[in-house]
Amino acid sequence: MFTRNKRVSGAAADAIDGLAPYANQLAHDEKLRRRLIAALGAGVAARERASRQLGPLGIAVRLGSDPVLRAQVTEALQQLQKAKGRVTRRRSHTTRNVVLFLTGAGAIIAAVPGARASLRSRLRALSGDNGGTDTP
């Protein structure tokens with residue numbers, strides 16, 4: 001009896017752990033909240049409109065013949081897709097790209113002696129160091 005309760009509570013804890021980042025984002029992202037509210041409103045309106053004919057066949061017939069219901073369902077789906085896009089933002093790879101660029105540039109400078117000399121002379125000119133001589 002106790003093992004079942006532990007499994008249920010473990011599954012509930014796992015579900016809560018999985019939802020925590022989404023709840024945090026929902027609490028702090030106004031645009032996400034607006035999208036979800038719009039999707040919910042369109043879904044409720046579509047459900048009320050479709051509820052006139054019960055059963056899957058009646059709803060399918062109604063969806064096929066009622067342009068307003070189709071528009072409401074489409075709106076609900078679009079809002080949910082946009083909300084999903086806000087939740088699953090693509091990560092920026094700016095840091096990775098900068099590191100790769102600098103690594104490539106460093107490898108080129110290290111491999112080409114002329115590039116090394118050119119860079120060294122430019123750096124000396126910028127720092128005001130003229131290589132230990134007193135004349136410019």
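Each remark here, short or long, concerns the structure printed above.
Criteria and cut-off values
Residues numbered from 1 in each chain as written. Predicted model: local features only at pLDDT ≥ 70, side-chain atom pairs only at ≥ 80, totals over all residues. Heavy atoms only, no water. Helix = DSSP H or I, 4+ residues; strand = E, 2+ residues; numbered from the N terminus. Contact = heavy atoms within 4.5 Å. Patch = residues over 30% accessible without salt bridge, like charges linked within 9 Å, V, L, I, M, F, W, Y side chains within 5 Å. Areas by Shrake-Rupley, 256 points an atom, 1.4 Å probe, with all protein chains shown as cover. Salt bridge = Lys/Arg side-chain N within 4 Å of Asp/Glu carboxyl O. Expected span 1.5 Å × (residues − 1). Axes fitted to C-alpha atoms, helices over the stretch in contact; angles between N-to-C directions. Parallel < 35°, antiparallel > 145°, perpendicular 65-115°, else oblique.

A. The side chain of Q79, seen in detail. Residue placement: Q79 occurs in helix α4 (residues 67-87). Apart from residues no more than four positions distant in its own chain, Q79 is found in contact with R35, A38 and A39.

B. Molecular detail of a nonpolar patch on the surface. There is a patch of nonpolar side chains on the surface, built from L26, L36, L77 and L80 and spanning about 310 Å² of accessible area. Looking at where L77 falls in the secondary structure, it is placed in helix α4.

C. Molecular detail of helix α6 (residues 113-127). With 15 residues, α6 extends 21 Å between its outermost C-alpha atoms, agreeing within 8% with the 21 Å of an ideal straight helix rising 1.5 Å per residue. Positive phi appears at G128, one or two residues downstream of α6, with a value of about 85°.

D. Quick peek at the packing of helix α5 (residues 94-111) against α6. Packing of α5 against α6 leaves a shortest axis separation of 5 Å and a crossing angle of 105°. Here α6 runs roughly perpendicular to α5, going by the angle between their axes. On α6, the residues that touch I109, A110 and A111 of α5 are P113, A115, R116 and L119.

E. Inspection of the environment of D29 at higher detail. You can see D29 is positioned in the loop between α1 (2-28) and α2 (30-50). Remark: the alpha-carbon pair of D29 and R86, spanning 57 residues in sequence, is separated by 8.9 Å.

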